[in-house]
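Okay, here's what each chain looks like letter by letter:
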Amino acid sequence: MNREELEWCVSVPKVELHAHLNGSVRNSTLFELARVLGDKGVIVFSDVENVIMKDDRTLHEVFKLFDLIHILTTDHSTVTRITKEVIEDFAAENVVYLELRTTPKRNDSIGMSKRSYMDAVMEGLRAVSSVDVDYSPAGLKTNTFNGSTRKKMYVRFLLSIDRRESTEAAMETVKLALEMRDLGVVGIDLSGNPIVGNWSTFLPALKFAKEQGLYITLHCGEVPNQEEIKAMIDFLPHRIGHACCFDEENWRKLKSAKIPVEICLTSNIRTETISSIDIHHFVDLYKAKHPLVLCTDDSGVFSTSLSREYNLASSSFGLGKTEMFQLAEIAIDFIFADDGVKTDLRATFEEAVKKLN
Ligand code: 6MZ
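To start, this report covers the structure provided alongside it.

## Re the pattern of salt bridges
Moving on, step 1. Counting across every chain of the model gives 25 salt bridges.
Moving on, step 2. Between R81 and E32 there is a salt bridge, with its nearest N and O atoms 3.0 Å apart. Note that R81 is positioned in helix α5 (residues 76-92) and E32 in helix α2 (residues 27-39), a separation of 49 residues in sequence.
Moving on, step 3. The class for R81 is partly exposed, based on a relative accessible area of 26%.
Moving on, step 4. According to the relative accessible area criterion, E32 is partly exposed, its value standing at 42%.

Shown next, in the form of structure tokens:
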């Protein structure tokens, strides 16, 4: 990886729309948490170390790793800590608008409800100190201090439904999202192991969410299940993630519906849902001018960053700096926020282009 090109990718303002909180935790934090739980005898540290350090894993192994990460990040104070760190890490990457997604978790044994999990997330956001964060759709809530000249970053949340969940649990997540709209929750994501669960289980909650005006993004086509992919496109979500295993007919449907695609290059290669970068569907979608946005997915789990994803796209697909900048800027069109935020972000990009030239 060329250092100068990577630094340029860091300096470009960026929009991150597909990042899972627990997939974006720093390795150093995971080790620290594992050491504490190892000392308490809850886990065996060396087992955890082996799993965390492994960098090629199949999709199946990735979901086993998430189960382990969830053991390490269980309690409220850890959820607060990782939220603060993840937001600050994206800010350091020059991400000016972040949609962070996470699965609200209920854990009766430690008195955690989906709501208290999200309250812990919000506390982490309010604790961010490296940038000023605007997180309320009404523009009322920021952690800005008077007269601050620090960088500003927008953060919004998507609540994820895990494919292991029941219809009732999915509905609870949607109701929570509605309750937390003033706190920056803008939509719902469907994620989790793609070979688990059925579309029909989640559909009632997703329909309700859409009717209530929440934005919807779906993990779609991470595995080749054409029937499900078709049903998902027919649902007309506001965006989809991945789109790795589409047949010709579903490609046609997706393109005519113009649904924006969140592209996660490193994730797709590492999990082998795409066998090699040169046949990645980015190329076809980009050439067809289909709406797309580069994203990290799980920057911790896949040891990547948004700048690295841009750098990878540039080196793999031969895109120059002008194209890369345009790619970063056009992502503003696909964010789940109002026109005021979009106008402000466009101004940020205009300023940046002057400095970069
Ligand atoms: C599908 C994924 C994913 O929600 O606990 N997640 N779901 N495909 C992927 N591709 C690799 N990467 C992450 O973050 C972790 C959760 O995000 C989903 C999984 O449900 C995982 O448990 P949170 O913060």
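## Some points on the site of the ligand
Moving on, step 1. Around the ligand sit 19 residues in total, of which H70, T102, T103, K105 and E222 are the nearest.
Moving on, step 2. A distance of 2.9 Å separates a nitrogen atom of the ligand from a polar backbone atom of G192.
Moving on, step 3. Between a nitrogen atom of the ligand and a side-chain N or O atom of E222, the distance comes to 2.7 Å.
Moving on, step 4. Coverage of the ligand by the protein chains reaches 99% of its 520 Å² of free accessible surface.

## Some remarks on the packing of helix α1 (residues 3-11) against helix α13 (residues 306-317)
Moving on, step 1. The geometry of α1 relative to α13 is characterised by a closest axis approach of 8 Å and an angle of 125 degrees between their N-to-C directions. When the interaxial angle is binned, α1 and α13 end up oblique. Handedness of the α1/α13 crossing: right-handed. Where α1 abuts α13, its residues E5, L6, C9 and V10 lie against S307, R308, Y310 and N311.
Moving on, step 2. Partitioned by chemical class, the residues of the contact of α1 with α13 number 4 nonpolar, 2 polar and 2 charged.

## A short note on helix α15 (residues 339-356)
An α-helix turns once every 3.6 residues. As a result, residues three or four positions apart point the same way.
Moving on, step 1. Given a rise of 1.5 Å per residue, 18 residues ought to cover 26 Å, and the 25 Å separating the end C-alpha atoms of α15 matches this to within 8%.
Moving on, step 2. Three or more residues of α15 are buried, namely V341, K342, L345, F349 and A352. The buried side chains of α15 occupy one side of the element, clustering within an arc of 95 degrees when seen end-on. For α15, the exposed residues set more than 90 degrees away from the buried face come down to D339, T343, E350 and K354.
Moving on, step 3. Next to the buried residues of α15 lie β1 (14-20), β2 (95-102), β4 (152-162) and α14 (321-330).
Moving on, step 4. N-capping of α15 is provided by D338, with a side-chain oxygen placed 3.0 Å from the backbone N of G340.

## Describing the environment of D47
Moving on, step 1. Note on placement: D47 falls in helix α3 (residues 45-53).
Moving on, step 2. Residue classification places D47 among the partly exposed residues on the basis of a relative accessible area of 47%.
Moving on, step 3. For the pair formed by D47 and A34, sequence separation is 13 residues and the distance between their alpha carbons is 9.8 Å.

## Some points on the packing of aromatic side chains
Moving on, step 1. Scanning all chains against the criterion turns up 9 aromatic pairs.
Moving on, step 2. Ring centres of F282 and Y286 lie 5.4 Å apart, and the angle between their planes is 15 degrees; on these two criteria the pair is classed as stacked. In this pair, F282 and Y286 are both assigned in helix α12 (residues 282-287), 4 residues apart and thus about one turn of the helix distant.
Moving on, step 3. Taking the relative accessible area as the measure of exposure, F282 reaches 1% and is therefore buried.
Moving on, step 4. Residue classification places Y286 among the partly exposed residues on the basis of a relative accessible area of 28%.
Moving on, step 5. Among the aromatic residues, those joined into a ring-pair cluster are F282, Y286 and F317.
Moving on, step 6. Stacked on the ring of F235, the Lys or Arg K210 has its end atom at 4.6 Å from the ring centre.
Moving on, step 7. Here the basic side chain of R239 rests over the ring of F336, its NZ or CZ set 3.8 Å away from the ring centre.

## Some remarks on the nonpolar core
It is characteristic of soluble globular proteins that their nonpolar side chains tend to be buried jointly.
Moving on, step 1. Residues I188 and L206 are the most contacted members of the largest nonpolar core, which totals 111 residues.
Moving on, step 2. No other element matches the 8 residues that helix α4 (residues 59-72) contributes to this core.
Moving on, step 3. With near-sequence residues (within four places) excluded, I188 lies in contact with L158, L159, I161, T173, V174, A177, L206, A209, L214, Y215, I216 and T217.

Reading the values: the criteria
- Residues numbered from 1 in each chain as written.
- Predicted model: local features only at pLDDT ≥ 70, side-chain atom pairs only at ≥ 80, totals over all residues.
- Heavy atoms only, no water.
- Salt bridge = Lys/Arg side-chain N within 4 Å of Asp/Glu carboxyl O.
- Helix = DSSP H or I, 4+ residues; strand = E, 2+ residues; numbered from the N terminus.
- Buried < 20%, exposed > 50% of the residue type's maximum accessible area, 1.4 Å probe, protein only.
- Near = heavy atom within 4 Å.
- Polar contact = N/O pair within 3.5 Å; in protein donor to acceptor, adjacent residues only side chain to side chain.
- Areas by Shrake-Rupley, 256 points an atom, 1.4 Å probe, with all protein chains shown as cover.
- Axes fitted to C-alpha atoms, helices over the stretch in contact; angles between N-to-C directions.
- Parallel < 35°, antiparallel > 145°, perpendicular 65-115°, else oblique.
- Left-handed = near helix turned anticlockwise from the far one by under 90°.
- Contact = heavy atoms within 4.5 Å.
- Nonpolar A, V, L, I, M, F, W, Y, C, P; charged D, E, K, R; others polar.
- Expected span 1.5 Å × (residues − 1).
- Arc of directions from axis to C-beta.
- Phe/Tyr/Trp six-rings, centres within 6.5 Å; stacked < 30°, edge-to-face > 60°.
- Lys NZ or Arg CZ within 6 Å of the ring centre and 35° of its normal.
- Core = buried A, V, L, I, M, F, W, Y, C linked by side-chain atoms within 4.5 Å.

Geometric descriptors of this kind do not, in isolation, establish any biological role.
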